[in-house]
Amino acid sequence: MDQENIFDQNLIDDRKIEFCSALKDQSQTDKIIVQKYITCGTPYYFKDNENLYFNLKHEVSSHFSEHPDKVRIVGSAKLGFSIAPQKMWKSFSLDSDIDVVIISEVVFKEFWYDLYNFNIGLTSRTERENKQYRRFLGYFF
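Residues numbered from 1 in each chain as written. Predicted model: local features only at pLDDT ≥ 70, side-chain atom pairs only at ≥ 80, totals over all residues. Heavy atoms only, no water.

Caption draft 1: Up close: the packing of aromatic side chains. Here the structure, examined in full by the defined rule, presents 10 aromatic pairs. Ring geometry for F19 versus Y37: centroids 5.4 Å apart, planes at 80°, classification edge-to-face. With F19 in helix 2 (residues 9-24) and Y37 in helix 3 (residues 30-39), the pair connects residues that are 18 residues apart, well separated along the chain. Each member of the pair, F19 as well as Y37, carries the same accessibility label: buried. Ring centres of F64 and F111 lie 6.1 Å apart, and the angle between their planes is 45°; this geometry places the pair in the tilted category. Taken together, the residues span a long stretch of sequence, with F64 in the loop between helix 4 (50-63) and strand 1 (71-74) and F111 in helix 6 (residues 105-121) at a distance of 47 residues. Judged by its relative accessible area of 27%, F64 falls in the partly exposed class. What makes F111 partly exposed here is its relative accessible area of 39%. (Phe/Tyr/Trp six-rings, centres within 6.5 Å; stacked < 30°, edge-to-face > 60°. Helix = DSSP H or I, 4+ residues; strand = E, 2+ residues; numbered from the N terminus. Buried < 20%, exposed > 50% of the residue type's maximum accessible area, 1.4 Å probe, protein only.)

Caption draft 2: Representation of the pattern of salt bridges within the structure. Counting across every chain of the model gives 2 salt bridges. For the salt bridge of K109 with E105, the shortest nitrogen-to-oxygen distance reads 2.9 Å. Linking K109 with E105, this pair stays in helix 6, spanning 4 residues, or about one helical turn. Accessibility classification places K109 together with E105 in one group, the exposed group. (Salt bridge = Lys/Arg side-chain N within 4 Å of Asp/Glu carboxyl O.)

Caption draft 3: The arrangement of helix 2 in detail. Here helix 2 is 16 residues long and its end C-alpha atoms lie 23 Å apart, about the 22 Å a rise of 1.5 Å per residue gives. I12, K16, F19 and A22 are the residues of helix 2 that are buried. When helix 2 is viewed along its axis, its buried side chains cluster within an angular range of 130° and face the same direction. Structural note: helix 2 exposes N10, I17 and K24 on the side pointing more than 90 degrees away from its buried face. Against the buried residues of helix 2 lie helix 3. (Expected span 1.5 Å × (residues − 1). Arc of directions from axis to C-beta. Contact = heavy atoms within 4.5 Å.)

Caption draft 4: Examining unusual backbone geometry more closely. Not every positive phi belongs to a glycine, and S65 is a case in point at roughly 55°. Mapped onto the elements of the fold, S65 is located in the loop between helix 4 and strand 1. Judged by relative accessible area, S65 falls into the exposed class, the value being 65%. The phi angle at W89 is positive, at roughly 70°, despite the residue not being glycine. Tracing the backbone shows W89 in the loop between helix 5 (76-79) and strand 2 (99-102).

Take a look at the structure:
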């Protein structure tokens, strides 16, 4: 992908303005705003290459035996900027990651079961392992 197109600050600024306007528009419900900006549509990062977006969704969904519709890109790669409290309005950049989520009860239950069995079967952890485990739990929950 063309690096200049990916980090088009003018486009990101326009998207921030549009998003802020939607938040202030009382005719739009929270549900519509979430659907329009967070869960639906082509992510900012893939705006110039929907085929690449489809390929990513296909690869991830195939790995988890799910339909590609259950795979979403969220965060700054989706919007072009972050809405996380600690990074509010920070533009997508080379330092950004691409957050991929799978919306699947089946996959969630499988990981939950594996996590439960791992924790029950574990007799001891080093301090480093415990720290990693706690970090993972934070992401998982």
